[in-house]
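Chains, contacts and geometry: an overview
Chain residues, written in single-letter form:
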Amino acid sequence: MQIKNLDLNNFRNIESLSLSFDPGCNIIYGENGQGKTNILESIYMCGFGKSHKNSKEREIIRDGCEESHIRAEFGSVINSHRIDIHLRKNRPKGVALDRVPIRRYGDLYGNILVVMFSSEDLDIVKRSPSDRRKFLDMQICQIDPIYMDHLVNYNKILDQRRELFKSMEEGDVHQFQDTLDLWDLQLNEYGSRIIRKRREFIEELNEIIFEIHYDISGGKEKLKIVYEPSAREDDFYEILLKNRERDRYYKQTHAGPHRDDLSFYDQDKDMKVYGSSGQQRSCALSLKLAEIDIINKIKKEKPVLLLDDVMSELDRNRQTQLIRSLRDVQTIITCTGMDEFIEEKLGEVRRIRIADGRMINSEE
Ligand SMILES: Nc1ncnc2c1ncn2[C@@H]1O[C@H](COP(=O)(O)OP(=O)(O)OP(=O)(O)O)[C@@H](O)[C@H]1O
Ligand SMILES: [Mg+2]
C-alpha cells in the first residue's frame, strides 16, 4: 500500500499543505517544532481514525480555527482509496472512505494499512503494561476489524460494572444481583474472545519475530514474546465469580484483558529486567518489522511505514538492519537533518523540507 497524496488544512501548525509521496522512501526533514510529526500524525489518522498520541480533536485543529481537514489518496495493487477526515470544534468528526461516510473506525482498519514507529515505541519493552496492550490492540485491529467491536463492548461493560458496584454501595445489594450476573456473562463473552485473539496473534508474531530478531542481534538472541493474560479464556468467568466480593469492595474488576501484559524473553531471560537498553530497543525494532510481515501475510499487502525520529535513536548496525527491511515498503521518515550514512544506505529518496508547517522545497 502507498500513500500518493496528502492535503492538510488547519491541521495543528499547518495552515495548508499538499504533499505527494514516492512509492519508495520519503524523508521529511526540518528543525524541531516545524510540523514533521504532525504530518505523520495525519497519515496515521487515515489508518486509525484517531491520533497516535491520543490527542483530543480540539487540540489538533489549528489554533484559532474552527475546523480541520485531512484528505489523502492511497493506492495498492488491487485498488485505491480516498479518505477524508473533517474535524470540527465541539462536534463529532466526519470520516469518509471513498466518499462514503463511515460510522465505525473498523471500516478504516484493514483498508488503510499504516504502521507507525516513533522514538517512544523504542521503549515499549519497559513502558507500562497499558502501552503494550495498546500496541497489541492496534495490531490486531488492522488484521481483524471485528476485534475492535469486542474491545469497545468489553470496555463499556467494564464501566457499567464499576457503576453498578457504586450503586450497590448505596442501595440494597440483592436488588442489583441480576444485573451483575448479566454483566458478568457479557464481560466473559467479549473478554474471552479478546484473550483468544491476543493469544493467537502472539503465536503468529512469534513465528515471524524469531528470525527477524536473530538477524538483528547478529545471531545472539532468541527472542520470544510471552503473552501474560490475567485470566485465561476458559477460566475468565470462574475468576470473575471468585473475585466478585473483592471487586465489589474496591469497585473495580481485578482480572480480565484490561490487566493483560506482554513480556519479551531471550531464552529464559526477561528483557525487561535483564536486557540492556540497546537490547530492549532491538526488541522494539523486531516487533515493528514483524508487524509489517504479519500485515503482509494476512492482508497480502504491505503497510505504509511511518518512522518518526527513529533513525537517529538507533546505532549504525540497527539502522542498517532497519533499512534492509524497508525494501518494497513505502516509508516516510522524519529527521532533523540529512545523514550521509542513512542517505547512502537508502538509495533514492524523496526529500521534503518542512519549516513552520510549510514545505520549503521537495526534490526527487
Ligand atoms: N492545534 C495546534 N495549532 C497550532 N499549532 C500547533 C497545534 N498543535 C501543535 N502545534 C504546533 O506544532 C509544532 C510541533 O510540530 P511537530 O511535533 O510536528 O514538530 P516536529 O517538526 O516533529 O519537531 P521535532 O523535531 O521536535 O519532533 C509545535 O510548534 C506546536 O506548537
Ligand atoms: Mg517530531
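These numbers come from a predicted model, not from an experiment. (Residues numbered from 1 in each chain as written. Chains lettered and ligands numbered in written order. Predicted model: local features only at pLDDT ≥ 70, side-chain atom pairs only at ≥ 80, totals over all residues.)

Glancing now at the overall build of the chain. Along its length, the chain carries 10 helices and 15 strands. In terms of C-alpha radius of gyration, the chain reaches 22 Å, essentially the compact-globule figure of 21 Å for 364 residues. Taking the principal axes of the C-alpha coordinates as reference, the chain spans close to 70 × 55 × 35 Å. Expressed as a percentage of its 364 residues, the buried residues of the chain come to 39%. Partitioning the intrachain contacts of the chain with sequence separation of at least 6 by distance along the chain shows that 73% fall at a separation of at least 24. (Helix = DSSP H or I, 4+ residues; strand = E, 2+ residues; numbered from the N terminus. Rg over C-alpha atoms; globule rule 2.2 N^0.38 Å. Buried ≥ 20, exposed ≤ 12 C-beta atoms within 10 Å, placed from the backbone. Contact = placed C-beta atoms within 7 Å.)

A word on the sheet that holds strand β4 (residues 67-75). Strand-to-strand pairing in sheets goes through backbone hydrogen bonds, with the strands running parallel or antiparallel. A sheet is described by the order of its strands in space; here 6 strands give the open sequence β2-β1-β4-β5-β6-β7, paired in antiparallel fashion. Two strands lie at the open edges of the sheet, namely β2 (14-20) and β7 (100-101), each paired on one side alone. The pairing of strand β6 (residues 91-97) with β7 spans 2 bridges and is classified as antiparallel. The residue bridging L97 from the neighbouring strand is V100, located in β7. The strands that helix α1 (residues 36-48) touches are β1 (2-11), β2, β4 and β5 (80-88); relative to β1, the one it contacts most, it runs at about 115 degrees. (Pairing = 2+ DSSP bridges. Axes fitted to C-alpha atoms, helices over the stretch in contact; angles between N-to-C directions.)

A few words now on the sheet that holds strand β11 (residues 269-270). Spatially, 3 strands are ordered β9-β10-β11 in an open sheet, and the strand pairing comes out antiparallel. Edge positions in the open sheet fall to β9 (223-228) and β11, since each of these has one partner strand only. Relative to β11, strand β10 (residues 261-266) is paired through 2 bridges, and the arrangement is antiparallel. Each bridged residue has a counterpart across the sheet, and for D266 the counterpart in β11 is K269.

Moving on to the environment of F165. Along the chain, F165 falls in helix α4 (residues 146-170). Residue classification places F165 among the buried positions, given that 20 C-beta atoms sit within 10 Å. Each C-alpha atom of the pair F165 and Q252 lies 8.0 Å from the other, and the pair is 87 residues apart in sequence. Beyond its immediate sequence surroundings of up to four residues, F165 is in contact with D247, R248 and K251.

Another aspect to go through is the domain arrangement of the chain. Structurally, the chain comprises domain 1 (1-113 + 301-364) and domain 2 (123-300). Spacing between the C-alpha centres of domain 1 and domain 2 amounts to 28 Å. For the side of domain 1 that touches domain 2, the leading source of residues is helix α9 (residues 316-324), giving 3 residues. Classifying every residue of the side of domain 1 that touches domain 2 by side-chain character gives 9 nonpolar, 4 polar and 3 charged. (Domains from an automatic or database assignment. Nonpolar A, V, L, I, M, F, W, Y, C, P; charged D, E, K, R; others polar.)

The next point concerns the site of ligand 1. Taken together, 17 residues surround ligand 1, and among them N13, N32, K36, T37 and N38 come closest. A per-element tally of the shell around ligand 1 places α1 first, with 3 residues. Split by residue class, the shell around ligand 1 holds 2 nonpolar, 9 polar and 6 charged. (Near = placed C-beta within 6 Å.)

A few words on the nonpolar core. Counting 88 residues, the largest nonpolar core has I43, C46, A72, V114, V304, L306 and I332 as the members making the most contacts within it. In terms of residue count, the dominant contributor to this core is helix α5 (residues 177-216) (11 residues). Looking at which domains feed residues into this core, each of domain 1 (1-113 + 301-364) and domain 2 (123-300) supplies at least three. Not counting residues within four places of it along the chain, the set of residues in contact with A72 comprises I3, N5, L6, I43, C46 and I83. (Core = buried A, V, L, I, M, F, W, Y, C linked by C-beta atoms within 7 Å.)

With that settled, the discussion passes to α5. The terminal C-alpha atoms of α5, which comprises 40 residues, lie 54 Å apart, in line with the 58 Å expected from a rise of 1.5 Å per residue. Along α5, the sharpest change in direction is near 35 degrees and occurs at I209. Looking one or two residues beyond α5, the residue adopting positive phi is G218, at roughly 65 degrees. (Expected span 1.5 Å × (residues − 1). Bend = angle between axes of the 7 residues up to and from the residue.)

Moving on: the pairing of β5. Across 9 bridges, the pairing between β4 and β5 is antiparallel. Among the inter-strand pairings, S68 is bridged to a residue of β5, identified as L87. Hairpin connection of β4 to β5: 4 residues between the antiparallel strands. Here 5 bridges tie β5 to β6, and the two strands are oriented antiparallel to one another. When the sheet's bridge partners are listed, H86 is paired in β6 with G94. Hairpin connection between β5 and β6: a loop of 2 residues separates the two successive antiparallel strands, and N90 in this loop has a positive phi of roughly 60 degrees.

The next point concerns the pairing of β2. As a general feature of sheets, a regular strand has side chains that alternate between the two faces. Note that β1 and β2 share 6 bridges and pair antiparallel. Looking at β2, one finds that L6 is bridged to L19.

Our focus in this paragraph is the environment of L87. Within the element layout of this structure, L87 appears in strand β5. Separated by 253 residues in the primary sequence, L87 and E340 place their C-alpha atoms 39 Å from one another. Apart from the residues within four sequence positions on either side, L87 is in contact with E57, I60, I61, E67, S68 and K93.

What follows covers the packing of α5 against helix α8 (residues 277-299). It is at 8 Å that the axes of α5 and α8 come closest, and there the two elements cross at 130 degrees. In terms of orientation, α5 lies oblique with respect to α8. The handedness of the crossing between α5 and α8 comes out as right-handed. The residues of α8 that touch α5, namely those facing E204, L205, I208, I209, I212, H213 and I216, are S282, C283, L285, S286, L287, L289, A290, D293 and I294. Looking at the contact of α5 with α8, its residues break down into 11 nonpolar, 3 polar and 2 charged. (Parallel < 35°, antiparallel > 145°, perpendicular 65-115°, else oblique. Left-handed = near helix turned anticlockwise from the far one by under 90°.)

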